[in-house]
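Residue-level structural notes
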Amino acid sequence: MTSPRTLRLDVDKLTTTLYVLGRKLTVNLTRCAPLQSKFFSVKCTPNVQCQVFSQVQAGKSLSSPQPLGRDTVLLISMGAASLQPNDSKLSVRFYGDKSEILGNALLHLTAVEISLDVDADRDGIVEKNNPNKASWKWGPNGHGAILLVNCDSESSYYKKVDSESEEITKVADLKDMSKMILRTSGPPVLPEGYKLSLHISQTDAERVRVFRARSTKQAEASLKSIFLGLFQKEYPLVLNTKQLANEVPYQGGKSDLVFYVEGLHFPDKDFDGLLTINLSLLEPFAEGFPETPIFTDKVMFRVAPWIMTPNTLKPLEVFVCSTSDNHEFLKGIKQLVQKSGLKLKICHEYMNRGDRWMQDELEFGYIDSPHHAFPVVLDSPRNGDLDNFPYDVLLGPDFGYVTRYASRIEVSSLDSFGNLEVSPPVTVNGKNYPFGRIIIGVAFPTTEDGRNMTKVVQDFLWAQKVQEPIALYSDWLVVGHVDEFMSFVPAPDRKGFRLLLASPDAAYKVFRTLQNKGHGDAKMFPGTEEEVSVDMILSDKEFQTENGYVQSCIDWNRDLLKKELGLEDEDIIDLPVLFKVISEKNRAVAFYPDMVNMIVLGKNLGIPKPFGPQVNGKCALETETCSLLEPLGLNCSFIDDFTSYHKLLGEVHCGSNVRRKPFEFKWWNLEL
């Protein structure tokens, strides 16, 4: 309930004021009474209601003289909006101890109804005066309005993110903003000197911008100005960093004034996503003095988080690069995409400039609100030759763009987005993660001079809140990406997915089985200069030591993932992958194409072709992988990426990217 507003009356002087419906006025009669006053009486017009509270009486009729106590307070309220300014009256008469009149205090009142409204119940409609409009609460029974960052581009000519412009040039841009309505009811005009002012804090002004739709009267005036060859903006800017407060028109009668609120920044380390907008009714005091607020209404928004999409969501589009040497890779990708009934978007050489690592440059996600949603690409700070692709090609109408900038000194290989993944939805120790959990790779805590994902990106990911990140140890790899040793695939049972982990142990088991069955002379990479037999691999003790170290690194991550995702061993599949150490710091790369580094398109998997030992005309590693994945209803297609990706320390997943359908679950219903 709103607190009463204090009003002062003066004897033998007329006081005028605006009364806002729903809020009481309090007048301390003892303070304004003439000296020697012992009694008082009150008269008012029908639209005014009065009550008196003092130490000696309460709620009595006020038309006849009443005793004036030591602290007698008059409570004034009104039942309906005024039809004209100052159309309601109230008078207080003060008496001495012999009933002589000592003075009169006169009050003229104008009643107005004022409500600044937003979609606080999150149903897509701006309801009137929701009691929870000035606060935020998570969950299905929560409340609070939602604001999108206006990070797409409606421009047809010079492309730039819409929030970079302080003008609305296309009506289509309005759907990216949240509607806010000022509802008023009252006389045709306010009494002289009274104003309505919209205002925000200096801090919030850096993160939000407010535009106003023209009123009906202004629209009519604008038509006249157009005929005069003049231009008037359809949606004038009201609030920004240079304009923290601005007078807004009072339209008279019963009317709605529509505003459009534009989000400028995603939640981040120094921004929890909450924004407040205030509307104040200002009262004139005296010439030369500023107006003072006598009523303030406020609303709160939360900026929608950026949300990643896991492999278990429906794929919509596949993105790859075309280079001079990846014909076989493209051929396999095209067949897989066609089989899956999806769109394939190819980034040609004039745009990629030889940079084939589509996964490393960007990550697809989306933002959502009750009134609108659209995909948003997060651009990596790696800034390779693909750097222009997310902005120049993907950014557009209803396709947003966001990035985080870091200095070249700070950026490492771990800032490429092969090192940014997200799990399917999980429940861990009773806590629900309906959007899954973001997974990144960092240096081991005790590693000196280890590489880490740059802080600005980590801060951004943590600040989104809805996909609480997990940091794995990936610095043991030369490239250092989590997608080199893990992935997720859909499954019909258990948690609805399986975690795939690269496993040297599983690979050695395959090779020892082959050797025991008399296939020790079967060759890896047959017909190439890298050709090597099963016997040679198993006899290389140093190689076994290297893979033992790699397995220990993966096991450390395995245990962490089991804990943080609530997994059991039955939820994990170990794929046979061997690694080799090629760095002075004992960092490793995949020895043969890393089958974990796959693209997942529903039930169709595009897996790096491992070129494993041939037994009866079949690759033993492909056979083993199929035996592990096909029982889940998955279809395995093996794609040749050996020369064009594997030898360059990447695989199928590194060279591709997938935009997926957003979650059905709404983020604001999450219990936090």
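Position numbers for residues start from 1 in each chain and track the written sequence from start to end. In keeping with the model being predicted, local features are shown solely for residues with a pLDDT of at least 70 and side-chain atom pairs are shown and tallied solely at 80 or more, while totals for entire chains, interfaces and linings include all residues. The side-chain quantities take in all heavy atoms of the structure and omit both hydrogens and water.

By the naming in an unreviewed UniProt entry, the protein chain goes by Protein-arginine deiminase and is assigned to Ictalurus punctatus. The protein chain has a UniProt comment under Function (unreviewed entry) that states "Catalyzes the deimination of arginine residues of proteins." Under Cofactor (unreviewed entry), UniProt gives the following word-for-word description of the protein chain: "Ca(2+)". UniProt positions are given in the numbering used here, feature names are shortened, and annotations may be inferred rather than shown by experiment.

**Notes on the sheet that holds strand S12 (residues 195-199)**
With mixed pairing, the five strands of this open sheet are ordered in space as S10-S18-S17-S12-S15. Edge strands, defined here as strands with exactly one partner in the open sheet, are strand S10 (145-147) and strand S15 (245-248). Ignoring strand direction, the axes of neighbouring strands in this sheet form an average angle of 35 degrees. Strands qualify as paired when DSSP identifies two bridges or more between them. For helices the rule is a DSSP run of H or I covering at least 4 residues; for strands it is a run of E covering at least 2, with both sets numbered from the N terminus onward. Pairing between S12 and strand S17 (residues 274-283): five bridges, direction antiparallel. In the strand pairing of S17, leucine 198 is matched with leucine 279. The angle between two axes is taken between their N-to-C directions and runs from 0 to 180 degrees, where each axis is a line fitted to C-alpha atoms and a helix contributes only its stretch in contact.

**Structural notes on the sheet that holds strand S5 (residues 48-53)**
Pairing in this open sheet of four strands is mixed, and the strands run S1-S3-S7-S5 from one edge to the other. Strands at the two margins of the open sheet, each flanked by one partner only, are strand S1 (5-6) and S5. Alignment of S1 against strand S3 (residues 25-28), held across two bridges, turns out to be parallel. Looking at the pairing, threonine 6 lines up with threonine 26 of S3.

**Concerning the packing of aromatic side chains**
The rule is short: rings of Phe, Tyr and Trp, with Trp giving its six-membered ring, pair when the centres are within 6.5 Å, and they are stacked under 30 degrees, edge-to-face over 60, tilted in between. Scanning the entire structure with this criterion turns up 27 aromatic pairs. Ring geometry for phenylalanine 364 versus phenylalanine 399: centroids 6.3 Å apart, planes at 70 degrees, classification edge-to-face. Of the two residues, phenylalanine 364 is situated in strand S22 (residues 362-368) and phenylalanine 399 in the loop between helix H7 (388-394) and strand S24 (400-403); the sequence distance between them amounts to 35 residues. An identical accessibility class is assigned to phenylalanine 364 and phenylalanine 399; each is buried. Measuring from ring centre to ring centre gives 5.1 Å for phenylalanine 435 and phenylalanine 663, while their planes differ by 90 degrees; the resulting arrangement is edge-to-face. With phenylalanine 435 in the loop between strand S27 (431-433) and strand S28 (438-442) and phenylalanine 663 in the segment after strand S42 (656-660), this pair connects stretches of sequence that are 228 residues apart. Buried residues are those whose accessible area, probed at 1.4 Å on protein chains only, stays under 20% of the maximum for their type, while exposed residues exceed 50% and partly exposed ones sit between those limits.

**A word on the domain arrangement of the protein chain**
Start and end positions for the domains come from either an automated domain assignment or a database one. Each assigned domain of the protein chain is listed here: domain 1 (5-112), domain 2 (119-303) and domain 3 (307-665). The contact criterion used throughout is that any non-hydrogen atoms of two residues lie within 4.5 Å. Tallying the contact residues gives 25 residues for domain 2 and 27 residues for domain 3. Buried surface area refers to the total accessible area, computed with a probe of radius 1.4 Å, that the two partners give up upon joining, counted for both partners together. On the domain 2 side of the contact with domain 3, Leu148, Lys159 and Phe266 bury the most area, a combined 28% of that side's loss. One side-chain nitrogen of Lys or Arg within 4 Å of one carboxyl oxygen of Asp or Glu is enough to make a salt bridge. For the interface between domain 2 and domain 3, the tally reads two salt bridges. The residue aspartate 268 makes a salt bridge to arginine 404 at a minimum N-O spacing of 2.8 Å. What qualifies as a polar contact is a pair of N or O atoms within 3.5 Å, subject to a donor-acceptor requirement within protein and to the restriction that residues adjacent in sequence count only when both atoms come from side chains. Taken together, the connections running from domain 2 to domain 3 amount to 11 residue pairs in polar contact (both at pLDDT 80 or more). Note that Gly is not counted as nonpolar here; it falls among the polar residues with everything else outside the nonpolar set of Ala, Val, Leu, Ile, Met, Phe, Trp, Tyr, Cys and Pro and the charged set of Asp, Glu, Lys and Arg. Of the residues in the side of domain 2 that touches domain 3, the class split is nine nonpolar, three polar and 13 charged.

**Concerning the pattern of salt bridges**
Under the counting rule described, the total for this entry stands at 35 salt bridges. Glutamate 622 is paired through a salt bridge with lysine 609; the nearest N and O atoms lie 2.8 Å apart. Taken together, the residues span a long stretch of sequence, with glutamate 622 in helix H12 (residues 620-629) and lysine 609 in the loop between strand S38 (604-608) and strand S39 (614-615) at a distance of 13 residues. Residue classification places glutamate 622 among the buried residues on the basis of a relative accessible area of 15%. Judged by relative accessible area, lysine 609 falls into the partly exposed class, the value being 27%. What you see here is one network of salt bridges that share partners, running through Asp117, Lys133, Arg183, Asp256 and Asp297.

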